[in-house]
Amino acid sequence: MATKAKIKKARSAKSKSKKAKPTKSKPATVKAAKAVRAKAKPMADIDFRTSEGGKKTIAAAAIEALSAGLRGKVVDQFAPNYDEARTIWNAMIDRRPGLIVRCAGAADVIDSVRFARDNGLLVAVRGGGHNIGGSAVCDGGVVIDLSQMKSVRVDPATKRAWVEPGATLADVDKETQAFGLAVPTGINSTTGIAGLTLGGGFGWITRKFGLTIDNLLSADVVTADGKLVRANAKENPDLFWALRGGGGNFGVITAFEFQLHQLGPQVLAGLVVHPFEHAASLLKDYRRIIASAPDELTCWVVMRKAPPLPFLPAEWHGKEILVLAMCYSGDIKAGEKATAELRALGKPIADVVGPAPFAAWQQAFDPLLTPGARNYWKSHDFTQLSDGAITLLLDAVHHLPGPECEIFIGHVGGAAGRVALDATAFPQRNAHFVMNVHARWRETSMDKTCISWARKLFDAAAPHATGTAYVNFMPGDEADRVEAAYGANYSRLTQVKYRYDPSNLFRINQNVRPAG
Ligand SMILES: Cc1cc2nc3c(=O)[nH]c(=O)nc-3n(C[C@H](O)[C@H](O)[C@H](O)COP(=O)(O)OP(=O)(O)OC[C@H]3O[C@@H](n4cnc5c(N)ncnc54)[C@H](O)[C@@H]3O)c2cc1C
């Protein structure tokens, strides 16, 4: 049987000989690459981590048997694309899975779940790879990677979409907006629809149309026993309840069915950028105006140092600013009216609010949220922005530790707030604002400074917050906060977990412990 060392040597010899004789034409290069790949087999034995924290070696023959049965591909540590396949959005996360299974469909997911379960291996599930705590990957375990499953099918007649779990928000917007339809999601288009949906999902049109989960009609789920089930209001309703906010605890979703709404393709949206020196009065005026905003109007506050955006005069770059980022999900003229009071506040540096294609507005923050930076988040829910909370926010912005650090105040409520607290697992129906303290930097030497800054504001703001939390904004060190985050819904979640995943196979997430 081939040993790891032998295989490594063989592969490195291959790559050296490839360097020595460069191929001239593209087809020849492709041929050579394919030959290397083919000859790279057989695979090596792999030392895995078990779900209980031990070690287990799986023989190459068993890995090959798994691989041979897939439509997708396995990626082990010797594969040329191993580093690419284990890299996720947050550069703080550097984990080395034993095996990454890039699934092509539900059958591959079933095979992967059975392989991991039968061998007692640690499992992580990857959608778009955006989770801040890095739950898409695990050291030494099996990553069930859904990122290649990107299909989005829309039926304009019934206003429904069927979405695979590797689709990003941009993929969903592209297909739905082709018919002037939309489902509420988040504000960064490279985020995965899967993880976002399972945690709840909110963004620019949530106040009008509800959370992403409020528009989920059904899901296909591979459960821990390796079986595919349907969850909706009639079939497995307890599972359907738990999937809507309970995260990746209950199985692997291979397809989501969403209700769509008529929107756009043009909406009124954009940014009003203010000097930070007027932030105290602006935040109080914002609070007053937003208290009676129609569901169509959503306005988030972003506080940070000004990035070098083309519409901002150069003298403002690098200085603290307060941004009112707004979107009106309705008629453009009505939007002009509804946003007028907010846009009349103070003396802005720039006002770039206007009609824009909804799909383009969904990507407006992408340039500031690219993958590859180090990121750490702390988040609280607020029913209101108290004077005390505002004072703390102002102080934190005066002590921003870097040019990319920022504080987002997400504006929710509206339709999302009118769903009963126990109708889904999502615990934050009473929140009107979700604060995300977003520390973001490049150098490892800044880790301590940036993380401390986020934690300091988080700790100080706790008395002003509800105590619930958005699980999708929780970093990896908040495992002890999960129960409080779910509040009254936690107990029921533990029971559904026990029914569908009694051995806690799906534990690399904001983990709900099974309770029989
Ligand atoms: C830059 C940025 C902006 C964001 N903005 C918003 C926003 O505006 N609104 C909002 O609501 N959220 C937002 N989020 C948070 C986002 O919802 C979470 O990061 C979410 O986990 C991303 O999902 P993903 O599929 O990309 O992540 P992944 O890291 O791939 O998945 C996260 C977890 O979800 C589970 N999971 C994923 N796919 C499946 C599946 N098919 N079956 C079972 N479990 C699965 C797994 O436990 C997995 O570890 C943002 C995140 C980032 C990084």
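Residues numbered from 1 in each chain as written. Predicted model: local features only at pLDDT ≥ 70, side-chain atom pairs only at ≥ 80, totals over all residues. Heavy atoms only, no water.

Caption draft 1: Focus on the site of the ligand. Taken together, 35 residues lie near the ligand, and G127, G129, S135, F202 and Y470 sit nearest. Interatomic distance of 2.6 Å between a backbone N/O atom of G127 and an oxygen atom of the ligand. I187 is positioned such that a nitrogen or oxygen atom in its backbone is 2.8 Å from an oxygen atom of the ligand. Its free accessible area being 960 Å², the ligand has 97% of it covered by the protein chains. (Near = heavy atom within 4 Å. Polar contact = N/O pair within 3.5 Å; in protein donor to acceptor, adjacent residues only side chain to side chain. Areas by Shrake-Rupley, 256 points an atom, 1.4 Å probe, with all protein chains shown as cover.)

Caption draft 2: Summary view of helix 14 (residues 447-461). Taking 1.5 Å as the rise per residue, helix 14 with 15 residues should run 21 Å; its terminal C-alpha atoms sit 22 Å apart, in good agreement. Looking only at helix 14, the buried set comprises D447, C450, I451, W453, A454, L457, F458 and A461. Mapping the buried residues of helix 14 onto a view down its axis gives an arc of 155°, with all of them on the same face. Turned more than 90 degrees away from the buried face of helix 14 sit K448, K456 and D459, all of them exposed. On the buried face of helix 14, the contacting elements are strand 19 (374-382), helix 13 (387-398), strand 20 (406-411) and strand 21 (433-441). (Helix = DSSP H or I, 4+ residues; strand = E, 2+ residues; numbered from the N terminus. Expected span 1.5 Å × (residues − 1). Buried < 20%, exposed > 50% of the residue type's maximum accessible area, 1.4 Å probe, protein only. Arc of directions from axis to C-beta. Contact = heavy atoms within 4.5 Å.)

Caption draft 3: Representation of the pattern of salt bridges. Summed over all chains, the structure comprises 27 salt bridges. Among the salt bridges present, the one from R117 reaches D118, with a minimum N-O distance of 2.8 Å. For R117, a relative accessible area of 32% gives the class partly exposed. One salt bridge connects D351 with R343, and the closest N-O pair in it is separated by 3.0 Å. (Salt bridge = Lys/Arg side-chain N within 4 Å of Asp/Glu carboxyl O.)

Caption draft 4: The arrangement of the layout of surface pockets in detail. Taken as a whole, the second largest pocket holds about 360 Å³ of empty space. Lining the second largest pocket are 18 residues, and of these A479, R507, N509, Q510 and N511 lie nearest its centre. Partitioned by chemical class, the residues of the lining of the second largest pocket number four nonpolar, nine polar and five charged. (1 Å grid on protein atoms, 1.4 Å probe; cavity = no way out; pocket = protein on both sides within 12 Å on 5 of 7 lines; lining within 4 Å. Points joined across faces, edges and corners; volume = space filled by probe spheres on them. Nonpolar A, V, L, I, M, F, W, Y, C, P; charged D, E, K, R; others polar.)

Caption draft 5: Focus on the nonpolar core. Counting 45 residues, the largest nonpolar core has M303, L324, L342 and I407 as its most contacted members. When sequence neighbours within four positions are dropped, the list of residues in contact with L324 reads G270, L271, V272, H274, Y286, C299, W300, V301, L342 and L345. (Core = buried A, V, L, I, M, F, W, Y, C linked by side-chain atoms within 4.5 Å.)

Caption draft 6: The arrangement of empty space enclosed by the protein in detail. If you walk through the whole model with that rule in mind, you get two cavities of 30 Å³ or more. Size it by volume and the second largest cavity reaches roughly 70 Å³. Contributing to the lining of the second largest cavity are F202, L211, V412, G413, A416, G417, F426, Q428, R429, A431 and V434. Taken together, the residues of the lining of the second largest cavity break down into seven nonpolar, three polar and one charged.

Caption draft 7: Expanded view of the sheet that holds strand 11 (residues 228-232). With antiparallel pairing, five strands are arranged side by side in an open sheet as 7-8-12-10-11. One side of each edge strand has no neighbouring strand; the edge strands of this open sheet are strand 7 (152-155) and strand 11. Neighbour-to-neighbour, the strand axes of this sheet turn through a mean angle of 15°, independent of strand direction. Relative to strand 12 (residues 252-259), strand 8 (residues 160-163) runs antiparallel, the two sharing four bridges. From the neighbouring strand, V163 faces strand 12, where its bridge partner is F256. Relative to the sheet, helix 6 (residues 169-177) contacts strand 7 and strand 8, its axis offset from that of strand 7 by approximately 30°. (Pairing = 2+ DSSP bridges. Axes fitted to C-alpha atoms, helices over the stretch in contact; angles between N-to-C directions.)

Caption draft 8: Expanded view of the environment of R499. You can see R499 is positioned in helix 16 (residues 490-500). The class for R499 is exposed, based on a relative accessible area of 55%. Residues R499 and P514, spaced 15 residues apart in sequence, show a C-alpha to C-alpha distance of 8.0 Å.

Caption draft 9: Examining the pairing of strand 12 more closely. Counting buried positions along strand 12 gives seven out of eight residues, so the element sits mostly inside the fold. Pairing geometry for strand 10 (residues 216-222) and strand 12, over six bridges, is antiparallel. In the strand pairing of strand 12, A219 is matched with F256.

These figures come from the coordinates and say nothing about function on their own.
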